[in-house]
Amino acid sequence: TTRPYVIDEMISAKSIAARIEALSREIAQEFADTEQLVVVGLLRGSFVFIADLVRELRLPVEVDFLEVSSYGNAMESSREVRILKDLRSAIEGRDVLVVEDIVDTGHTLSHVVRLLTSRNPRKLRTIALLDKPSRREADIKADWTGFEIPDEFVVGYGIDYAQANRNLPHIGKVRFTDGG
Ligand code: PRP
Ligand code: MN
Ligand code: MG
């Protein structure tokens, strides 16, 4: 039931790689005294970004994943987040970096930050590859952002449209071709 569409390149794989290199230098400074950073990817969208990010971070890391339920509409946004897959490790007293592919309304990241903060990490920081500030409903901004983008339907580099296109190496923008 998906409409016909084509994908136009919006951010090239090269630009993404260059941005990750720059962000990694900033993150390495922030966690220079950290024994082992817990890097938490939010499933599923962050799996490509986290893979590239941790390989660029020249720090000792543990990689963990968290999956939370998404919100269909604003009516549900104030509800507590449902954990579909919890972390394997305890994060109390540890330094944690949450990795997200995109912050849209901000409900996902804001719920995750609230959840993980309640577990008393020593330091909790967030990074999102993409940010759509024009769509924000929750009062949150990632500590590091790769690219601010306009309100376009984006796919690739982990991000799906109806579970497709996550494996595109770049960020593309969906353009519907049925004129609707
Ligand atoms: C997408 C995206 C972010 C979230 C952003 O995930 O990967 O996690 O939505 O939206 P928000 O800021 O409005 O909360 P989705 O729920 O589609 O799951 P997925 O990562 O498995 O694709
Ligand atoms: Mn997601
Ligand atoms: Mg999705």
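Residues numbered from 1 in each chain as written. Chains lettered and ligands numbered in written order. Predicted model: local features only at pLDDT ≥ 70, side-chain atom pairs only at ≥ 80, totals over all residues. Heavy atoms only, no water.

## A word on the overall build of the protein chain
Looking only at helices and strands, one finds three helices and nine strands in the protein chain. Its helices and strands taken in sequence order, the protein chain reads β-α-β-α-β-β-β-α-β-β-β-β from the N to the C terminus. What you see for the protein chain is a C-alpha radius of gyration of 16 Å, in line with the 16 Å of a compact globule of 180 residues. Projected onto the principal axes, the alpha-carbon positions of the protein chain cover approximately 55 × 40 × 25 Å. (Helix = DSSP H or I, 4+ residues; strand = E, 2+ residues; numbered from the N terminus. Rg over C-alpha atoms; globule rule 2.2 N^0.38 Å.)

## Comments concerning the packing of aromatic side chains
Across all of its chains, the model carries five aromatic pairs by this definition. Ring plane angle 70° and centroid distance 5.1 Å describe the contact between Tyr 5 and Tyr 161, whose orientation is recorded as edge-to-face. With a gap of 156 residues between them, Tyr 5 in strand S1 (residues 5-11) and Tyr 161 in the loop between strand S8 (154-155) and strand S9 (171-176) connect regions that are remote in the sequence. Residue Tyr 5 is classed as partly exposed on the basis of its relative accessible area of 24%. (Phe/Tyr/Trp six-rings, centres within 6.5 Å; stacked < 30°, edge-to-face > 60°. Buried < 20%, exposed > 50% of the residue type's maximum accessible area, 1.4 Å probe, protein only.)

## Here's the deal with the nonpolar core
Counting residues in each nonpolar core, the largest one holds 28 residues, and the members touching the most others are Leu 53, Ile 127, Leu 130 and Ile 171. Elements represented by at least two residues in this core include exactly helix H1 (13-30), strand S2 (37-42), helix H2 (47-56), strand S5 (95-103), strand S6 (123-131) and strand S7 (144-148). A per-element tally of this core places H2 first, with five residues. With near-sequence residues (within four places) excluded, Leu 130 lies in contact with Ile 11, Asp 101, Ile 102, Val 103, Thr 145, Phe 147, Ile 149, Val 154, Ile 159 and Ile 171. Counting 20 residues, the second largest nonpolar core, distinct from the first, contains Leu 87, Val 96, Val 98 and Ile 140. (Core = buried A, V, L, I, M, F, W, Y, C linked by side-chain atoms within 4.5 Å. Contact = heavy atoms within 4.5 Å.)

## Here's the deal with the pattern of salt bridges
Enumeration according to the criterion identifies 19 salt bridges in this entry. Of the charged contacts in the structure, one is a salt bridge between Arg 55 and Asp 52, with a shortest N-O distance of 2.7 Å. Of this pair, Arg 55 and Asp 52 both sit in helix H2, three residues apart, which is roughly one turn of that helix. Exposure remark for Asp 52: the relative accessible area of 28% places this residue in the partly exposed category. Between Arg 58 and Glu 56 there is a salt bridge whose closest N-O contact spans 3.2 Å. The partly exposed category is assigned to Glu 56, whose relative accessible area is 23%. (Salt bridge = Lys/Arg side-chain N within 4 Å of Asp/Glu carboxyl O.)

## Topic: the site of ligand 1
Looking at ligand 1, there are 15 residues lining it, with Glu 100, Asp 101, Thr 105, Gly 106 and Thr 108 nearest. Arg 44 is positioned such that a nitrogen or oxygen atom in its backbone is 2.9 Å from an oxygen atom of ligand 1. Thr 108 places a polar side-chain atom, nitrogen or oxygen, 2.5 Å from an oxygen atom of ligand 1. Listed by contribution, the elements that provide at least two residues to the shell around ligand 1 are S5 and helix H3 (107-117). (Near = heavy atom within 4 Å. Polar contact = N/O pair within 3.5 Å; in protein donor to acceptor, adjacent residues only side chain to side chain.)

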